Amino acid sequence: MPDRTIYLDHAATTPVSPTALAAMLPYFGEIYGNASGIYRQGRLAKQALEEARRTVAEVLHAHPSEVVFTSCGSESDNLVLRGIMWAALRAGRGRHLIISAVEHKAVLETAHQLAELFDCEVTELPVDGYGRVDPDDLRRAIRPDTALISIMTANNEVGTLQPIAALAAVAHAYGIPFHTDAVQAPGHLPLDVQALGVDALALSGHKFYGPKGVGVTWLRSGLSLVPVQTGGSHEGKRRAGTENVAGIVGLAAALREAEDLRPAETTRLLELRNRLLDAIPALIPNTRISGHPHERLPHHASFLFAGIEIQGVLMGLDMAGIAASSGSACTSAAQTPSHVLTAMGVSAADAVGHLRLTLGRSTTAEDIEEVLRVLPPLVQRLRRLQSGNW
Ligand code: PLP
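Every chain is numbered on its own, with residues counted from 1 as its sequence reads. This being a predicted model, a pLDDT of at least 70 is required before a residue's local features are given, and a value of 80 or more before pairs of side-chain atoms are given or counted; all residues contribute to the totals for chains, interfaces and linings. In computing side-chain properties, one takes all heavy atoms of the structure into account and sets aside hydrogens as well as water.

Section: the domain arrangement of the protein
Now for step 1: Each domain's limits were defined by an automated method or a database of domain assignments. What the domain assignment reports for the protein is domain 1 (6-13 + 262-387) and domain 2 (18-257).
Now for step 2: For domain 1 and domain 2, the distance between their C-alpha centres works out to 28 Å.
Now for step 3: Note on contacts: a residue pair qualifies if any of its non-hydrogen atoms lie within 4.5 Å across the two residues. Between domain 1 and domain 2, the contact holds 29 residues from the first and 30 residues from the second.
Now for step 4: Between domain 1 and domain 2 lies a buried interface of about 2500 Å² when both sides are counted; carbon and sulfur atoms form 54% of it.
Now for step 5: Any carboxyl oxygen of Asp or Glu within 4 Å of a side-chain nitrogen of Lys or Arg constitutes a salt bridge here. Taken together, domain 1 and domain 2 are joined by 2 salt bridges.
Now for step 6: Ionic pairing is found between Arg132 and Glu295, a salt bridge with its closest N-O pair at 3.8 Å.
Now for step 7: In DSSP terms, a helix is any run of H or I states spanning at least four residues, a strand is any run of E spanning at least two, and both are numbered starting from the N terminus. Breaking the side of domain 1 that touches domain 2 down by element, the ones donating at least two residues are helix 9 (245-283), strand 10 (300-305), helix 11 (339-343) and strand 12 (354-358).
Now for step 8: Among the elements that take part in the side of domain 1 that touches domain 2, helix 11 stands out by supplying 4 residues, more than any other.
Now for step 9: Residue polarity follows a fixed list, in which Ala, Val, Leu, Ile, Met, Phe, Trp, Tyr, Cys and Pro are nonpolar, Asp, Glu, Lys and Arg are charged, and the others, Gly among them, are polar. For the side of domain 1 that touches domain 2, the class distribution of residues is 9 nonpolar, 15 polar and 5 charged. Accessible area, probed at 1.4 Å, shrinks when two parts are joined; the buried area is that loss added up over both.

Now the structure itself:
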């Protein structure tokens, strides 16, 4: 076994940065108070919480009172979809929700559960072969009873970016709030909610070198929301539960750092990533890039290898010390193929040959060359084995 892992699954999670870890540590030790306490320990925790809220608001170009801390990206998406749709149902403002067909399951399953249990109606917008939503399709899907539109900023499986500002502008032309799951964006894309023109946005700490188990829902002030988690008046009565102060402090430090490093890291990673996008299809026959060739996350490379199940490739890469993923939960032909690839028109047979390589701060040019050395013979060998021609 090689002694160093080449970690190329940064879209799945990232290590906690030393900066974020150092910021968090006091809140596991000497500053342990409940942020609701009126004594000194509680006040110190509350100060840290509010400082973190200001930091997040600053990065988002928002007001601190609009920032709600949650337990993860999934909860952030759940809170927006359920909270806004329940508020709309209560006010008789509509029961129709529009999402895209390539959303993360945190949006997709929540939308369909709203339809099943709360008599909402969901429209899933189609995407093109790159996974992009057409703003004209959104315009055509809007109805008088549309209460919310939710379209992700960047896709986790194929890296494709959505034209968020254009989509949000369509929503606003009809007075409908627009949410974006921006979980994959921090450190890679600008997060200015005013420039994007969105009304709600979801983030998750562990995707940008912060800790796991903490997320953010940003909600433009004035947006009506029914809390999903009840039992206390925390987070401006929008999310009950004693705040995870250490996690929140770590998330804020990590978000600030990711935003500060963004210009330099984006340039560095784009170059390394483009080497993969150029070289892999050239070195491995019957291979194509999945997702958009350039309207994609700068650290994200993904490919479809014809005639192969990716599981064997992932195991072979792991044995060579390279951590990669298929980008979706299901890879076996016996299981349902990825809903993202299916929506993009990829056949079930091809979808099982999907590989995602997502780069990060630890990635070097040598790592990329090592992947280019290991991957082509591995794919070719497994193709021969899986086709029985060996
Ligand atoms: N949305 C997107 C686009 C994601 O990639 C993920 C995580 O993979 C989530 C939501 C869920 O985030 P979390 O793991 O924090 O629940």
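Picking up where we left off.
Topic: the sheet that holds strand 9 (residues 287-289)
Now for step 1: Spatially, the 3 strands line up as an open sheet ordered 9-10-12, and their pairing is antiparallel. Every other strand in the sheet has two partners, leaving strand 9 and strand 12 as the edge strands with one partner each. Shown here is a sheet whose adjacent strand axes are inclined to one another by a mean of 25 degrees, direction ignored.
Now for step 2: Angles shown run from 0 to 180 degrees and are taken between the N-to-C directions of axes, each axis being a line fitted to C-alpha atoms and, for helices, limited to the stretch in contact. Each of strand 9, strand 10 and strand 12 is contacted by helix 13 (residues 365-387), which is oriented at about 20 degrees to strand 10, the strand it contacts most. Any two strands are treated as partners once DSSP identifies two or more bridges connecting them.

Considering empty space enclosed by the protein
Now for step 1: Here a cavity is any set of points on a 1 Å grid over the protein atoms alone where a 1.4 Å probe fits but cannot get out, and a pocket is any open set with protein on both sides within 12 Å along at least 5 of 7 lines; a residue lines the site when it has an atom within 4 Å of a point. Grid points are joined across faces, edges and corners, and a volume is the space filled by probe spheres set on the points. Going through the model one piece at a time under the given rule, you end up with 3 cavities of 30 Å³ or more.
Now for step 2: Here the largest cavity is characterised by a volume of approximately 100 Å³.
Now for step 3: Around the largest cavity sit Pro186, Gly187, His188, Lys207, Phe208, Tyr209, Ala258, Leu261, Glu265, Leu269 and Arg361, which together line it.
Now for step 4: Here the second largest cavity is characterised by a volume of approximately 60 Å³.
Now for step 5: Lining the second largest cavity we find His10, Ala11, Thr14, Val183, Gln184, Pro186, His188, Lys207, Tyr209, His299 and Leu359.
Now for step 6: In terms of residue class, the lining of the second largest cavity is made up of 5 nonpolar, 5 polar and 1 charged.
Now for step 7: Counting contributing residues per domain, the lining of the second largest cavity is built from domain 1 (6-13 + 262-387) and domain 2 (18-257), each supplying no fewer than three.

A word on the side chain of Arg238
Now for step 1: You can see Arg238 is positioned in the loop between helix 8 (234-237) and helix 9.
Now for step 2: Note on exposure labels: buried denotes an accessible area under 20% of the residue type's maximum, exposed denotes more than 50%, and partly exposed covers the range between, all computed with a 1.4 Å probe on protein chains only. Counted as positive: Lys and Arg. Counted as negative: Asp and Glu, with His and the chain ends omitted from the count. Of the side chains with opposite charge, Glu235 lies nearest to the buried Arg238, which makes no salt bridge, at 5.5 Å.
Now for step 3: Whenever two N or O atoms come within 3.5 Å, that pair is a polar contact, provided that in protein one can donate a hydrogen and the other can accept it, and provided that, for residues adjacent in sequence, both atoms are side-chain atoms. In terms of polar contacts, Arg238 uses its side chain to reach the backbone carbonyl oxygen of Ser65, at 2.8 Å.
Now for step 4: Ignoring anything within four residues of it in the chain, the contact list for Arg238 reads Ser65, Glu66, Val67, Val68, Leu79, Leu219, Leu225 and Pro227.

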